[in-house]
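Structural overview for review
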Amino acid sequence: MVSKPSRSITVLTKPLPVSSVSIYDYKPSPETGVLFEIQYPEKYNVFTRVNISYWEGKDYRTMLYKDFFKGKTVFNHWLPGICYSNITFQLVSEATFNKSTLVEYSGVQHEPKQHRTVPYPPRNISIQIVPINRNNWEEHSGNFAEESFMGPQEIIRKEKLSPFSNQPPKIPSANTSSAWPDYRSNSTQYETTSQPYWWSNEAESSEGEEEFVNAVSSDYKPNDVNTPGKLTPEPPSFVPVQMVVTWLPPKPPTAFDGFHISIEREENSTDFLTVSEDTHKFVAELKEPGKYKLCVTTFSSSGSCEVRGSQSAKTLSFYISPTGEWIEELTEKPQHVTVTVLSSTTALTSWTASQESGNNSTIVSVVSLTCQKQKESQRLEKHYCTEVNSSSSLIENLVPGAQYQVVVYLRKGPLVGPPSDPVTFSIVPTGIKDLTLYPLGPTAVVLSWNRPFLGVFRKYVVEMFYFNPSTMTSEWTTYYEIAATVSLTASVRITNLLPAWYYNFRVTMVTWGDPELSCCDSSTISFITDSLGLNLQYVKQISHRGDLQEIC
């Protein structure tokens, strides 16, 4: 006998916990998005959703997420520049029985993670270069930092001690100790870092400011000059200028703690300056002419996560001439670039530009695409195998049959603007010469020809024209294709011809292009094959039979 159950109990077991977690930047939007990747036991482990818990700064957040595919999901709802700490994942199992819902959470066995999103970059970065008037110094209002570049002797000495490396400099942390003096303006305290070698101290004596670095030594005497009675004039010294950089904070709601200012001079030295989050203006005295690149980025350092900087919104390039002239960065690219082929070896490039850039010079960059499609041992064109830059719009030394790509840049002084859209053009091949036919009997011939020394091509195409008795039509048909070689002579044997038949043969050179270019249809030769000889033995046999019709 079995008694009836008095009560039923529903039990839902806990799912097995997550074993490991990885968090990556979501590349399309690292400011707000992350990629979660979790690993967990898959066999006999049933769950419906994932519970994600974390601290957003000082606020605790938790949410249920179900869009995991093979343990991965993209979460694109975080705030830029925030340190997210103690991130944990729990598998959630849910079941409904008798109108009641049961929920069980797995434990947390993986190591809690932390991640800082990338802050947004500053906005509206602008630069001004103004001459310095020592007698009429203007005080700047607002929050800004001010420094000046060292003289050339100090730069050279520093470069010898520590040569420039192509590796990007490490971003200093917010807690880095400082050897800089504290700059204060309008009761604002600035974060400081160790002093870069190209900044001079404001506490230098006035004599140091008035003394030229390239000045003649105090031991100089006129008698030491090689040419008696003539003194070598000193080159005019560079008059320092003032660089004023301004920007706006990143778009909200970005959490940030300051800005990094990166200045690169002549592509051989890069240094960083760190200013506080309230600073939106930076003033520096440039004591050396040359080409400069300026970049202002945002960084976020509060919390336990690693310090992260923003992506560079815009890199400003400018040039200071020895006379103090400021040449701004070129942002315009040439429009409507066209190439007109004048001959088999020359072409003319043309483009349009705005009136403001009408006085700028240009760089025409030409590279051969044919070289990249041929083996090095079979290259017939080598002048433009590497990129060749010229200031002339006339492109010379081209090779017939080659394909080229042209890009145009605007240039002002040493500054070069962005490239134009690339334009591809091809030169028609010259075609073959000295086409000759050698008969080998009534059903076969040999074609032989030469090609010009100057020219590149992809292949030879041998065609023939005749009346086809099977189709009762006459048309050009391709008989054979021969790959290009460095040899100046080529030949081909044509067989299975009809005896006593009229043929036209043509050989063309085909090169790369879209569509392919070929030359030339005029390279043709005509020929009538021989008739078959009469079989005398067969004639005797039919004559003996007296078959007059067969004899005829």
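Look up: the structure comes first, before these words.
Below, the structure is looked at part by part. Since the model is a prediction, treat every value here as computed from it, not as a measurement. (Residues numbered from 1 in each chain as written. Predicted model: local features only at pLDDT ≥ 70, side-chain atom pairs only at ≥ 80, totals over all residues. Heavy atoms only, no water.)

**Quick notes on the state of the cysteines**
Formally: Cysteine sulfur pairs qualify as disulfides if the two atoms are within 2.5 Å. The way it works is that DSSP assigns letters per residue, a run of H or I at least four long becomes a helix, a run of E at least two long becomes a strand, and they are numbered from the N terminus. Buried means the residue's accessible area, taken with a 1.4 Å probe over protein chains only, is under 20% of the maximum for its type, while exposed means over 50%, and partly exposed covers the values in between.
Taken as a whole and judged by the stated rule, the model has 3 disulfides. Each sulfur in the disulfide pair C83 and C305 lies 2.0 Å from the other. Because the torsion about its S-S bond is 75°, the bridge between C83 and C305 counts as right-handed. One end of the pair, C83, is in strand β6 (residues 83-97); the other, C305, is in the loop between β17 (290-300) and β18 (308-309), with 222 residues separating them in the sequence. Note that C371 is cross-linked by a disulfide to C385, the S-S spacing being 1.9 Å. Disulfide C371-C385: the torsion about the S-S bond is -60°, which places it as left-handed. Note that C371 is positioned in the loop between β23 (361-368) and β24 (388-390) and C385 in the loop between β23 and β24, a separation of 14 residues in sequence. Exposure remark for C371: the relative accessible area of 2% places this residue in the buried category. Cysteines bonded in the protein chain are numbered consecutively along the chain; their disulfide partners then correspond to 1-2, 3-4, 5-6.

**A closer look at the pattern of salt bridges**
A side chain of one charge can pair with a side chain of the opposite charge when the charged atoms of the two come close. For clarity, the threshold we go by: The term salt bridge refers to a pairing of a side-chain nitrogen on Lys or Arg with a carboxyl oxygen on Asp or Glu at a separation within 4 Å.
Scanning all chains against the criterion turns up 9 salt bridges. In this structure, the salt-bridge partner of E288 is R265, at a minimum N-O distance of 3.4 Å. Here E288 is found in the loop between β16 (281-286) and β17, whereas its partner R265 is found in strand β14 (residues 258-265), with 23 residues between them in sequence. Side by side, E288 and R265 carry an identical accessibility label, which is buried. The network of salt bridges with common partners includes E56, D59 and R61.

**Some points on the environment of D67**
Let me state the cut-off plainly: Note on contacts: a residue pair is in contact if any heavy atoms of the two residues lie within 4.5 Å.
As for its placement among the helices and strands, D67 is situated in the loop between β4 (59-65) and β5 (72-75). C-alpha of D67 to C-alpha of V50: the two residues are 17 residues apart in sequence and 8.7 Å apart in space. In contact with D67, other than residues within four places in its own chain, are K72 and T73.

**Examining the packing of aromatic side chains**
The condition that has to hold: Classification of ring pairs uses Phe, Tyr and Trp, with its six-membered ring standing for Trp, and accepts pairs whose centres are within 6.5 Å; under 30 degrees between planes counts as stacked, over 60 as edge-to-face, and the remaining range as tilted. Only lysine NZ and arginine CZ atoms are considered, and such an atom sits over a ring when it is within 6 Å of the ring centre and within 35 degrees of the ring normal.
Counted according to the given criterion, the structure contains 21 aromatic pairs. Ring plane angle 65° and centroid distance 5.4 Å describe the contact between W247 and F259, whose orientation is recorded as edge-to-face. Residue W247 is found in strand β13 (residues 241-248), and its partner F259 is found in strand β14; the two are separated by 12 residues along the sequence. One exposure class covers both W247 and F259, and it is buried. Between Y292 and F318, the ring centres sit 5.4 Å apart and the planes meet at 15°, which makes this aromatic pair stacked. Remark: F318 occurs in strand β19 (residues 315-320) and Y292 occurs in strand β17; sequence separation between them is 26 residues. With respect to class, Y292 is no different from F318; both count as buried. Chaining the aromatic ring pairs together yields one cluster made of F36, Y54, Y65, F68, F75, W78, Y84 and F89. For K251, the ring lying beneath its charged end belongs to Y120, and the centroid distance is 4.4 Å. In this structure, R506 is placed above the aromatic ring of W476, and the distance from its NZ or CZ to the ring centre is 4.1 Å.

**Section: the sheet that holds strand β21 (residues 335-341)**
Going by this rule: Criterion used throughout: strands pair if DSSP finds at least two bridges between them.
Strand order in the open sheet formed by 3 strands is β21-β22-β25, and the pairing between neighbours is antiparallel. For this open sheet the edge positions go to β21 and β25 (394-395), each flanked by a neighbour on one side alone. With 2 bridges connecting them, strand β22 (residues 347-352) and β25 associate as antiparallel partners. Counterpart to A347 in the pairing with β25 is I395.

**A few points about the sheet that holds strand β1 (residues 20-25)**
Definition in use: Fitted lines through C-alpha atoms give the axes, limited to the stretch in contact for helices. The angle between two N-to-C directions lies from 0 to 180 degrees.
Pairing in this open sheet of 3 strands is antiparallel, and the strands run β1-β2-β5 from one edge to the other. Every other strand in the sheet has two partners, leaving β1 and β5 as the edge strands with one partner each. Each strand of the sheet is rotated relative to its neighbour by a mean of 20°, with strand direction disregarded. In terms of strand pairing, β1 meets strand β2 (residues 34-39) through 6 bridges, oriented antiparallel. The residue of β2 that forms the bridge with V21 is I38.

**Quick word on unusual backbone geometry**
Cis geometry is found at the peptide bond from P252 to P253, where omega equals 0°. Mapped onto the fold, P253 is located in the loop between β13 and β14. Going from C519 to C520, the amide bond is cis rather than trans, its omega being 0°. Tracing the chain through its elements places C520 in the loop between β35 (517-519) and β36 (524-528). Unusually for a residue other than glycine, N124 sits at a positive phi of about 50°. Backbone geometry places H336, a non-glycine residue, at a positive phi of 50°. Structurally, H336 can be placed in strand β21.

**Regarding the side chain of H110**
Let me state the cut-off plainly: Residues adjacent in sequence count toward polar contacts only when both atoms are side-chain atoms; beyond that, a polar contact is any pair of N or O atoms within 3.5 Å, and within protein one must be able to donate a hydrogen and the other to accept it.
In this structure, H110 sits in the loop between β7 (100-105) and β8 (113-116). Using a relative accessible area of 5% as the deciding quantity, one classes H110 as buried. Polar contacts involving the side chain of H110 include one to the main-chain amide nitrogen of F89, which spans 2.9 Å. When near neighbours in sequence (up to four residues on either side) are disregarded, H110 contacts V18, S19, S20, V21, I87, T88 and F89.

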